[in-house]
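Chain and residue survey
Listed below, chain by chain, are the residues.
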Amino acid sequence: MKKTIPMMVVMIGGLVWLFWVFSPHYLMQEDFLNKFFIPWSWAMIPPATILGIVSLSMMHNAKIRRRAHKWQYSFFFFAGFITITLAGFFGGTQKGGLYMWMFENMQMPMSATMFALLAFYMASAAYKAFRARSPEATVLLLAAIIVMLAQVPIGTRISRFLPNISQWILDVPNLASKRGIMLGVGLGSIATSLKILLGIERSYLGGGD
Amino acid sequence: MTLKRPIAVLFLLIILVVVVSLTVAQSSEERNAFVVEDFRVEDVPHDDGTGLVLSWKPLDRQSRIIEYRIYRGISSDTLFYHASIPVNVKTGVAAEKMFYYDTSWNTLVETKSPTRLRRERKQAQSSPLYRAIPRDPDIIAGLVPHFSLLSLIPNKGDYYHLTRKSFSADVSDSIVYAGISLRRSNILAQLKPQGEYYYTVVAVDERSYYHEMAPITKGKPLPNPPEPAQSLYAAFIEDKDTIQFEWQYPLFSLDLHTCKILMLPAMEDSIWVARRKQPGYGGLNPMVLAHEGVLSAGSDTPKNYKIVDLKKFYAQGFAPEQFKNARFALELGDHQGLRSFTSLIEPTIANSAMLPGKLTYRVEDKPNDKGDRLVVIWDYPMVFLTKTSSLDDEFRRLRVNYQLNAPESQRVSNIYFKFFEVGNDKPFQVINEFYTDNAITVNTPVGYDHMKGFLVRMTLKGTPMISPGYSVEQDLVWDTDMRTFMPGKSLRVNGVDVSQINTAVYRKRLNGDFFSLVKSIPSYDSSFEVSVPYKAAIYRLISGISITRGDSVYTYTGDKVFARTRTKDDPAGAMMMIPSTLDLTFDRDAARTIQTSLFPDEAKKMVDEALAKLRTELAEQKETLSNLFFQNPQVAANAQDRSNTPEDQAITATEKKIENTQKLIRMYEENNYLKEANGIGSRWRRIRFISRIRERDRRLMAYHVVRTNGKGLFTEAEHNRDADGKYLYEIPVSNWFDRNKFTTLVAAIIFGLIVIYFLTLAKRGRTLYIRPIAGLFEIDNAIGRATEMGRPILYCMGIGGVQDVSILASFGVLSAVARKAAEYDTRLIVPCYDFIVTPIAQEVVKEAHYSAGRPDSFDPHNVFYLTNSQFPYVAGVNGIQVRERVATNFFMGFFAAESLLMTETGNHIGAIQIAGSDAATQIPFFITTCDYTLIGEEYYAASTYLSTNPMMLGTLKGQDYYKFLIISFLIIGTILATFQITQVTNLFPSR
């Protein structure tokens, strides 16, 4: 019973969504989606957020209690969490308040810093990928050089055919392999959905049978 | 009491964060008080007296303003927040002046407005500025005399089902109102003509600092004469004895009530300008050629053309020359009786050959939609060239782009392009475009001077059949600026230049007696999709507000307040009084809209009262008729045989009245919808029935098209009518199945059948061979490595939510990994991005530990929610990797830019990494930085591989066979398309 009812809910929900995909009827597109599903999805968010917050707080609390490795960092979680929550509750979340100030001047720059690191990691990954250790890696290296050169003005100065070759690489072999992957992904996701609908795949219910 | 050390540390940290934040936020620069200058409140010109325009000089960019907040009140001591104009803080406002128009219906109170009045933020006690008007009945009641109020009920069901019968405290008012509470309806307000309103503007900077308000300024909206029509054209059609008029309404046309076409003798315009507003037009005595109402439905524009038949004027002795030499003007009148006039214009002398060709049109339901679109089609599909580009340096090869505009019901299988040299009838190239990808390649002739340009003729083939004689022609001319050939200005359909011709689509409601303009479509299209939206919200005028306090009921209506003792029928609390009557249906026989009430008993009473009144009227009319016949016995019994004497006309008119009254009685007695509605006892079921009928009626429309050059030369199409000569009304149909997805459905069914077949085989114990995937074989080794090293394993599902299939697939892998980790007694850390994924992941890991027989080793703190911000999540995961010195990383799920950041960190700390994702853009990064990568479908196969359930293999096998099917179709389709056989290609949806 513990798994049968959730499975039934999933199966019925899955079938309704399947019908939704093929049916443009008002009942499905407005009554079901906009008037039923979306409001209930929104209603689910606050309790789920509380679950997440409780989970994170318990984890950090346990770390502090156990004096786990680098447990002192957990205080930063509580400090940040409490400060920004109080700022939001008492000062409001609008621009100009402490909450938004902290978001714009602390979280955003830190996020941007993380994102900026990507450039260096990309260079490092490119270095690894472009080492011509095998014929396949050599082809990859050549293709990358052509595509990269075609993106900059010097590429056209070297050869006026370079942009066309680059475009061909992007449009033909690159796109073909990408579509091949997407085709596999599509089939894989349909198969996974089918397994869930038929009740064969039950891991989302907590593993096991 | 001693403070524990951890609590003390936490406390100090909070103080530190708060102090640092506040100090930095407040200390950067001194605040300056910026006051908005040159603030004015003026009447909006040409309106109906319900609009004011506010203007002020914006502050400069350095003041870092983010918004201008506008406050409005009915006295200078209390101004409520009314609206805000956001400003880009970096660019500021470049214009010299800013404007805000307080016109039309603006929101006064919303359902989500607070219930208590609060002073505006950071204002002194003496400040007159308050936040938005609250949902406080007393405050709203105080505003009733100063505004016209409209109730906007966002959920129509609230009006239909949750309104209460409500009565005014004014004993002379016997109307039964529908009372709706303030919680269920927004209130929109419009300024009243001659009312006095007070305004101010406050600039708010990026730190939410409210600068000093502008001086409070009073404004009074006044009714003004309407703006003259933007243009007027007249065309005298010699061979048809008609004059055609066409005009453009001014921007503000909502207040317009009537329009007159005036004919005057030729004169100087200055005389007309000087005398036209005087009584009797200053003695000019123009002849009124047409006098009509200006009416439109919803957002449509009123009808803007008129054909005046001159034959009746010729019969009165007028000569054609009088009309040819006359001058014409358009007079627009508003509801207040104020008028505006155009300048005098001369008519264009034309004949019917100069008019655009007459159209036939049809109205179709738009297929595969939810039932809110109709398509008006008046011609075959239109194809035209859009641009060209040279594929070499000498313009020997041109890529020509084209556009095909066709309704969904029309399939175009082939477009034939014929390219001609200028002055040569023989095409130098013919292209059969059998796959419409909006581009063709043309080889231009050698030895031809390209600068002369080319001529292109296009014909089409499709289903339903397109006439072989239908052709579209365009010129390709050299464009010096673009340095390529571009389509010329002319667009010839069947040899006629239609580039300056538009097709105007008009529509009329079932209960309306006028057509209004929906849109004017250029000739580059031959059909138009008309939106016929479903009714979602209800708008009703508010007559007043009724508030029950103790034993008394107070009603605020207009500028009066009434009070009486409360009865048991009066609802408690505050109610907005809106009409309880509503349109039910349009009775075609009586040509009248039947009204009914929300309340069943009132509805029956309405019918009884109407019938009683009509029967009395009928008896009186019949008596009048018999008296008339008695007094005039010579009058013929048959109306057709009567003369034009006053007696005859009086009898005919009375007979007409009797006929109309009888029709109305029949309507009330026999209309099926009314009978059925009044026969339903339950209010709920009755209203459901009424709403279905009335909403269907409101969406029934008749359509009409007119082809015009916009300057008086236009031709009306014949109206679509039924056998009785009545207009045909159309309504869109909501489709249950999207036929464009038929192939998808068949493909999905085939795939499902293949999978089920292999599942059955697996169930019967048949061994299914599955090709090996290296990454999956290494999972055991990776977990074993972590165990040997005594370090934890990290399992990361990326930034997907539970709605992503890739996350659902990840649960299967997580289950297998967790079971193995539990068996080896190795710690598994699962940081989650989504708070809904977290409890599921916890349950998956817990079950895995139980099934491995190690429930004791499950620690829920190892599966936790981290954050749902992308880069903080990366920071968290990277921190865990480094701090916990994980030995093995699994990245299975949905990833975006964070993938490389996390895997490179894993690489750096020397962890063995296995990744799997369906995000095609991230797979190269995984391949580069991870030891093993499951690409696309391999990732989805992972849980199947790792599962002990043989049935799971059936789906994998099914996938492989289905891929074979896809590849077969790809090859067959490619070969057939090469030979211009496109049936297989067209089988598959392209959108």
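Model, not experiment: these values are computed from the prediction. (Residues numbered from 1 in each chain as written. Chains lettered and ligands numbered in written order. Predicted model: local features only at pLDDT ≥ 70, side-chain atom pairs only at ≥ 80, totals over all residues. Heavy atoms only, no water.)

1. With respect to the sheet that holds strand E15 (residues 242-248) of chain B
Residue and element names in this part refer to chain B.
- Taken in spatial order, the 4 strands line up as E19-E15-E14-E22 in an open sheet, and their pairing is mixed. At either margin of the open sheet sits one strand with a lone partner, and together these are strand E19 (305-309) and strand E22 (348-350). Strand-to-strand twist of the sheet, defined as the mean angle between neighbouring strand axes without regard to direction, takes the value 20°. (Pairing = 2+ DSSP bridges. Helix = DSSP H or I, 4+ residues; strand = E, 2+ residues; numbered from the N terminus. Axes fitted to C-alpha atoms, helices over the stretch in contact; angles between N-to-C directions.)

2. Some words on the sheet that holds strand E21 (residues 339-341) of chain B
Residues and elements named next belong to chain B.
- Taken in spatial order, the 4 strands make up an open sheet running E17-E16-E20-E21, and their pairing is antiparallel. Of all the strands in the sheet, just strand E17 (287-293) and E21 have a single pairing partner and so form its edges. Strand-to-strand twist across the sheet, computed as the mean angle between neighbouring axes with direction ignored, equals 20°.
- Sheet topology places strand E20 (residues 327-334) next to E21; 3 bridges connect them, and they run antiparallel. What sits directly across from Glu331, in E21, is Phe341.

3. Overview of the confidence of the model for chain B
- Considering every residue of chain B, the mean pLDDT works out to 90; 98% of them sit at 70 or more.
- Scored as a whole, the predicted complex attains pTM 0.84, and scored at its interfaces, ipTM 0.89. (pLDDT = per-residue confidence, 0-100.)

4. What about the packing of helix H7 (residues 162-197) of chain A against helix H13 (residues 805-824) of chain B?
- It is the contact of H7(A) with H13(B), at a shortest axis distance of 10 Å, that shows an interaxial angle of 65°. Considering the relative orientation of H7(A) and H13(B), their crossing is left-handed. On the side of H7(A), the interface is formed by A:Ser189, A:Thr192, A:Ser193 and A:Ile196, while H13(B) contributes B:Val805, B:Leu808 and B:Ala809. (Left-handed = near helix turned anticlockwise from the far one by under 90°. Contact = heavy atoms within 4.5 Å.)

5. A word on the interface of chain A and chain B
- Counting residues at the interface gives 81 residues for chain A and 88 residues for chain B.
- For the pair chain A and chain B, the two sides together bury roughly 7000 Å², of which 74% comes from carbon and sulfur.
- Counting every contact that joins chain A to chain B gives 2 salt bridges.
- The salt bridge partner of B:Asp859 is A:Arg66, with a shortest N-O separation of 3.1 Å.
- Inspection of the chain A/chain B interface yields 12 residue pairs in polar contact (both at pLDDT 80 or more).
- If you list the elements that add at least two residues to the side of chain A that touches chain B, you get helix H1 (4-22), helix H2 (26-66), helix H3 (73-91), helix H4 (98-129) and H7 of chain A.
- Broken down by element, the side of chain A that touches chain B gets its largest block of residues, 18 residues, from H2(A).
- Across the side of chain A that touches chain B, the residue classes break down as 46 nonpolar, 22 polar and 13 charged. (Buried area = accessible area lost by both parts, 1.4 Å probe. Salt bridge = Lys/Arg side-chain N within 4 Å of Asp/Glu carboxyl O. Polar contact = N/O pair within 3.5 Å; in protein donor to acceptor, adjacent residues only side chain to side chain. Nonpolar A, V, L, I, M, F, W, Y, C, P; charged D, E, K, R; others polar.)

6. Describing the nonpolar core
- Membership of the largest hydrophobic core comes to 77 residues, with the highest contact counts inside it found for B:Trp56, B:Tyr68, B:Tyr159, B:Ile187 and B:Tyr199.
- It is helix H7 (residues 600-631) of chain B that provides the largest number of residues to this core, a total of 7 residues.
- If you look at the next biggest cluster of nonpolar residues, it comprises 45 residues, including A:Val185, B:Ile770, B:Ile773 and B:Val830. (Core = buried A, V, L, I, M, F, W, Y, C linked by side-chain atoms within 4.5 Å. Buried < 20%, exposed > 50% of the residue type's maximum accessible area, 1.4 Å probe, protein only.)

7. Points about unusual backbone geometry
Residues and elements named next belong to chain B.
- Of the consecutive residues Thr463 and Pro464, the connecting peptide bond is found in the cis state with omega at -10°.
- Tracing the backbone through its elements, the reader meets Pro464 in the loop between strand E30 (454-463) and strand E31 (471-479).
- In the Ramachandran plot, Arg483 falls in the positive-phi region, its phi being about 55° despite a non-glycine side chain.
- Secondary-structure assignment places Arg483 in the loop between E31 and strand E32 (484-493).
- Phi at Asn494 is positive, roughly 50°, even though this residue is not glycine.
- Within the secondary structure layout, Asn494 lies in the loop between E32 and strand E33 (496-497).

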